[in-house]
Amino acid sequence: MDLSELFGVISGVVFAVSATWYTWDVYKGKVVVSIATFFMFMIINISHLISLIIEGVWGVVPFTFVGLIASLLIFLISLKNKKIYFEFLDKIALAGALAGFAVWLLAQDAAMNIYILTVVNAITAVPLVLKSFKNPDMESMKPWLINLLASFFLILTINSTAPVVWAVPVRQFLFSVLLNLGLFIGFISKRNSQKLEPVND
């Protein structure tokens, strides 16, 4: 096992802790999820997992596998609990993601799949990131902090300048940074606005 694969295992284990915590919060109703976002995450992770194995990018495989299981469970739990949202931006992201996925199906190329679905994943994540800024109380902050740590270890799996190797880790790290930043700013803004609210006698 080389360093890339070692950091891949570490990132997968840390991500599993984050994903388990987050999935439990979804089950308990503490988190309101976008059904479109996690449906697409599930599809993207299945496709990415196959392509990463074909291309031999083993360092990213554990993280992607955990992401697949987590997104599947979150999708199913959300449907069961019916505590979901599906707003206009989610519909746009879903349409864009499905279009990108269709392009990959036509291309039938593993490396091209990784590139296209990395962009598709970024589109899919936009509503989730914006939600963190606007409605941080609909999310669970601690699992996302652990996710950021897992994403840092994922960056350390990069052992080549080839885009097929660094596309997924870089996209994931930027996504986690933006989401955690959104949650932090969102919680601070909400706290400040609560302090400014007049107190009724």
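The notes below deal with the structure included here.

Rules used throughout
- Along each chain, the written sequence defines residue order, and numbers are assigned to residues from 1.
- Totals for whole chains, interfaces and linings use every residue, but because this is a predicted model, local features are given only for residues with pLDDT of at least 70 and side-chain atom pairs only at 80 or more, for both listing and counting.
- Hydrogens are left out, water is left out, and the side-chain values use all remaining heavy atoms of the structure.
- Each helix corresponds to a stretch of at least 4 residues labelled H or I by DSSP, and each strand to a stretch of at least 2 residues labelled E; elements are numbered beginning at the N terminus.
- A simple rule labels every residue: compare its accessible area, found with a 1.4 Å probe on the protein chains alone, to the largest value its type can have, and call it buried under 20%, exposed over 50%, or partly exposed in between.
- All accessible areas in this document rest on Shrake-Rupley with a 1.4 Å probe, and a residue is counted as covered only by the protein chains that are shown.
- Note on definitions: angles span 0 to 180 degrees between N-to-C directions of axes, and those axes are lines fitted to C-alpha atoms, for helices only across the stretch in contact.
- Working definition: roughly parallel below 35 degrees, roughly antiparallel above 145 degrees, roughly perpendicular at 65 to 115 degrees, and oblique for all remaining angles.
- Here a crossing is taken to be left-handed if its near helix is turned anticlockwise relative to the far helix by less than a right angle, and right-handed if that turn runs clockwise.
- The contact definition used throughout considers only heavy atoms, calling two residues in contact when any of these lie within 4.5 Å.
- Ten residue types, Ala, Val, Leu, Ile, Met, Phe, Trp, Tyr, Cys and Pro, are classed as nonpolar, four, Asp, Glu, Lys and Arg, as charged, and the remainder, Gly among them, as polar.
- Grid points spaced at 1 Å over the protein atoms alone were grouped into cavities, where a 1.4 Å probe fits but cannot get out, and pockets, open sets with protein on both sides within 12 Å along at least five of seven lines, with lining residues defined by an atom within 4 Å of a point.
- Grid points are joined across faces, edges and corners, and a volume is the space filled by probe spheres set on the points.
- Among buried residues, those of type Ala, Val, Leu, Ile, Met, Phe, Trp, Tyr and Cys that are joined through side-chain atoms within 4.5 Å constitute a nonpolar core.

Looking at the overall build of the chain
The helix and strand tally for the chain stands at seven helices and two strands. Along the chain, from the amino end to the carboxyl end, the secondary structure elements read α-β-α-α-β-α-α-α-α. The burial tally for the chain puts 48% of its 201 residues in the buried class. Entry remark: accessible area of the chain is about 10300 Å², with carbon and sulfur atoms responsible for 72%.

Structural notes on the packing of helix 1 (residues 3-27) against helix 6 (residues 141-155)
Close contact between helix 1 and helix 6 brings their axes to 8 Å; oriented N to C, the two are set at 165°. Classified by the angle their axes make, helix 1 and helix 6 are roughly antiparallel. Here the hand of the crossing between helix 1 and helix 6 comes out left-handed. Two secondary-structure elements touch here, helix 1 through Phe7, Ile10, Ser11, Val14, Phe15, Val17, Ser18, Trp21, Tyr22 and Asp25 and helix 6 through Lys142, Pro143, Trp144, Ile146, Asn147, Leu149, Ala150, Phe153 and Leu154. Its residues assigned to classes, the contact of helix 1 with helix 6 comprises 14 nonpolar, three polar and two charged.

Here's the deal with empty space enclosed by the protein
Summed over all chains, the structure comprises one cavity of 30 Å³ or more. Computed from the structure, the largest cavity encloses a volume of approximately 360 Å³. Around the largest cavity, the lining is made up of 22 residues, and of these Phe15, Phe41, Gly67, Asn147 and Gln172 lie nearest the centre. Among the elements of the structure, helix 1, helix 2 (35-55), helix 3 (61-81), helix 6 and helix 7 (163-196) are those that each provide at least two residues to the lining of the largest cavity. Top element by residues in the lining of the largest cavity is helix 3. It accounts for six residues. For the lining of the largest cavity, the per-class residue count stands at 12 nonpolar, nine polar and one charged.

Some details on the side chain of Thr23
Note on placement: Thr23 falls in helix 1. On the basis of relative accessibility, which here comes to 11%, the residue Thr23 falls in the buried class. Apart from residues no more than four positions distant in its own chain, Thr23 is found in contact with Ala70, Leu73, Ile74 and Ile77.

Quick notes on the environment of Val31
Tracing the backbone through its elements, the reader meets Val31 in the loop between helix 1 and strand 1 (33-34). Taking the C-alpha atoms as reference points, Val31 and Ser140, 109 residues apart in sequence, are found 6.3 Å from one another. Non-local contacts of Val31, meaning those with residues more than four positions away in its chain, are made with Tyr22, Asp25, Val26, Met138, Glu139 and Ser140.

Describing the environment of Ala95
Here Ala95 shows up in helix 4 (residues 88-107). Its relative accessible area of 46% is what places Ala95 among the partly exposed residues. In this structure the C-alpha to C-alpha distance between Ala95 and Ala36, which are 59 residues apart in sequence, comes to 9.7 Å.

Quick word on the nonpolar core
Of all hydrophobic cores here, the largest spans 25 residues; its most connected members are Phe15, Leu52, Val60, Ile114 and Val164. For this core, the secondary structure elements donating two or more residues are helix 1, helix 2, helix 3, helix 5 (110-134), helix 6 and helix 7. Among the elements that make up this core, the one with the highest residue count is helix 3 (six residues). Residues Val31, Trp144, Phe175 and Leu183 belong to the second largest nonpolar core, which totals 15 residues.

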